[in-house]
Each structure stands twice: as structure tokens, then as C-alpha cells.
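Below, each chain spelled out in residue letters.
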Amino acid sequence: MLLKQYKIHFFDALKNIQDEREIESFFFILTEYLHNLKRVDVALNPDFELSDAAIEKWNAILSELQQEKPIQYITGEAWFYGLRFEVNENTLIPRPETEELVDWIIESQKSKVQSQKLEILDIGTGSGCIPVSLKVNLSQANVSALDVSEEALEVAKRNAAINKVDINFIQANILEVEDLFQFPSPYNIIVSNPPYVRVLEKQEIKKNVLDYEPHLALFVDDNDALLFYRKIAQLALINLAPNGLLFFEINQYLGKETVVLLENIGFKNIELRKDFYGNDRMIKCKK
């Protein structure tokens, strides 16, 4: 069978699940993943023929896509801030909104002297996309990353190696940290994208996220939705250097509540920023 013939079958099989643009994206991700053919190569090879073995692989992946398994978990990789990251079911798939958060952090350091020592801590690192991207772009920084999941940290360590950066990894449950001085202090920047989706918001979550991505990294109890923000902010207040910065990715519905929480804990110059969808998504504040 020719690849162009299989493409018709591929689109037909997914048309009731995904929109055409998404299906096309999946198709070209897979031509590169399975055959090392970029979009332009496919166009230049209209008679590219699939072997029986190749069709078997396509069919197996198509079956997973019909179950709405994220394509990043099928290929085992995702792109974030121009860098390649390994991902699996132990880590969230990096999202464009988080790229905006990373961009904000890098932007905040543009006016600083490059030789200035910079200490950064990422809490709840998952795949390591935040600290790795920061280290690549702020090479003078010493970057640490913390997560409760040993499996996630193993992925993050591999991603640091893939992108050729040194990160200090820490395994700990941030909610069980009693000694507020346990981290090497002071940090100039602490950043976190902690669990923030309330259980009551589950109905808004797409099947491909709800059924496959780790709930430990997604959900928080309805009755204490800002639990992680409160704990991390308390730790940050003690572990940040004077005028150190705290950055959060936040629940779009709890922007004002998160600002009030940070004010009450003692942070100043609190700035709430929207993402490119127009949702309250990130906060920067100063010790």
C-alpha cells in the first residue's frame, strides 16, 4: 500500500475523534517517527510504499489514537521551548502555556549581569522541561529540580542528559517538608507548576488527559485547591534571597484567590498574567 493511500484510511479512522488539523499533525509526526520522512519528504515521494510490517506498526498506533492516547506517549517525546524531551505516563506532557512561563522567567533576567550568580529551584519538575529549558537559556545559573515521584525524576534526569545540561535533582514530598531551611539557600528564583485542577473541574478535562496523564501531577482536593501554592510560597519566603522572585503556573479560575494568598504570606509586586488563550495562567511576585 502507498503511504498516500494509507493517509486516506488514517484520516477516515480518526475523523470522528479529532479535527482535521490535528489528524494532519499526527500523520506527519508519525511519518517522521516511523520513516524519518518530514512533510516535504512525503510531498517529494508520492509513491512511497509501506511494507506489511510498516502497516502493522501504523495500525497499532492508529488503534491507540482511536483510544485517544496522547501521541507524545506513543512516540515517547515532546517538544518544549525548542528542545526535545522524553515523556511517558509518569510525567505530564509539556504544554505551550508553560513555555510562556519559562519565557517570562528568562525575560526577567535579561537586564541582569551575565556573570552574576543565579540560583534557581523548580518544584514539581515532572519531565524536567522547566529547569532544563532555563539552564539551556540561562547557562550561568545553578538549577535544581524537585519532585515527589522517583519515576518522574528518572525521566527528568534523562532529559537533562539529552539536552546536555547539569541539573541538581532532589526527591521530596513538598507537602511533608517540615524543615523550611532544608534547601540550599538562598535562591534567586523559585518556580512551580504544581497540581491545580480541582476534582470539580474533571468534566472539563479531555479524555486524552484524564485517561493517560498522571493524576498525582494534575489534581488537587476541592476543599483546599491552593494547598501546594500555600506550602511552596511559605518555603519560598524563607529560601529566596532578598528581592528573589517566585513564579507560578496557576488554575485559570483561581487567579485572584492566588494573588490574595501570596499577599497574605508576605510577597510584594504581585503580577498576574494571562496566557495566549486569554486565561489567568501565571504569577510573578517578589520577596
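Structure first, text after, so check above.
Computed from a predicted structure; not experimentally measured.

**A closer look at the overall build of the protein**
Looking only at helices and strands, the protein has eleven helices and eleven strands in total. The C-alpha radius of gyration computed for the protein amounts to 21 Å, which stays within 12% of the reference 19 Å derived for 287 residues, consistent with globular compactness. Relative to all contacts within the protein whose residues are 6 or more apart in sequence, the contacts with residues 24 or more apart total 65%. Of the side-chain charges in the protein, 31 are positive and 44 negative, and the distance between the mean point of each set is 6 Å.

**A closer look at the nonpolar core**
Generally speaking, nonpolar side chains in soluble globular proteins are found buried as a group. Counting residues in each nonpolar core, the largest one holds 35 residues, and the members touching the most others are I190, L246, L262 and F267. When residues of this core are traced back to their parent elements, those giving at least two are strand 3 (118-123), strand 6 (187-192), strand 8 (219-220), helix 10 (227-239), strand 9 (240-249), helix 11 (255-265) and strand 11 (280-286). With six residues, helix 10 is the single largest residue contributor to this core. Look past the residues within four positions of L246 in its chain and what remains in contact with it is I190, I232, A233, A236, L240, L262, F267, I283, K284 and C285. The next biggest cluster of nonpolar side chains, apart from the first, holds 29 residues, and it includes I105, L138, A141 and L245.

**As for the packing of helix 10 against helix 11**
Where helix 10 contacts helix 11, the axes come no closer than 10 Å and their chain directions differ by 35°. With respect to the hand of their crossing, helix 10 and helix 11 are arranged in right-handed fashion. Contacts between helix 10 and helix 11 involve Y229, R230, A233, Q234 and L237 from the first element and T258, L261, L262 and I265 from the second. Of the residues that constitute the contact of helix 10 with helix 11, the class distribution is six nonpolar, two polar and one charged.

How each quantity is defined
- Residues numbered from 1 in each chain as written.
- Predicted model: local features only at pLDDT ≥ 70, side-chain atom pairs only at ≥ 80, totals over all residues.
- Heavy atoms only, no water.
- Helix = DSSP H or I, 4+ residues; strand = E, 2+ residues; numbered from the N terminus.
- Rg over C-alpha atoms; globule rule 2.2 N^0.38 Å.
- Contact = heavy atoms within 4.5 Å.
- Lys, Arg positive; Asp, Glu negative; His and termini not counted.
- Charge placed at Lys NZ, Arg CZ, Asp CG, Glu CD.
- Core = buried A, V, L, I, M, F, W, Y, C linked by side-chain atoms within 4.5 Å.
- Buried < 20%, exposed > 50% of the residue type's maximum accessible area, 1.4 Å probe, protein only.
- Axes fitted to C-alpha atoms, helices over the stretch in contact; angles between N-to-C directions.
- Left-handed = near helix turned anticlockwise from the far one by under 90°.
- Nonpolar A, V, L, I, M, F, W, Y, C, P; charged D, E, K, R; others polar.

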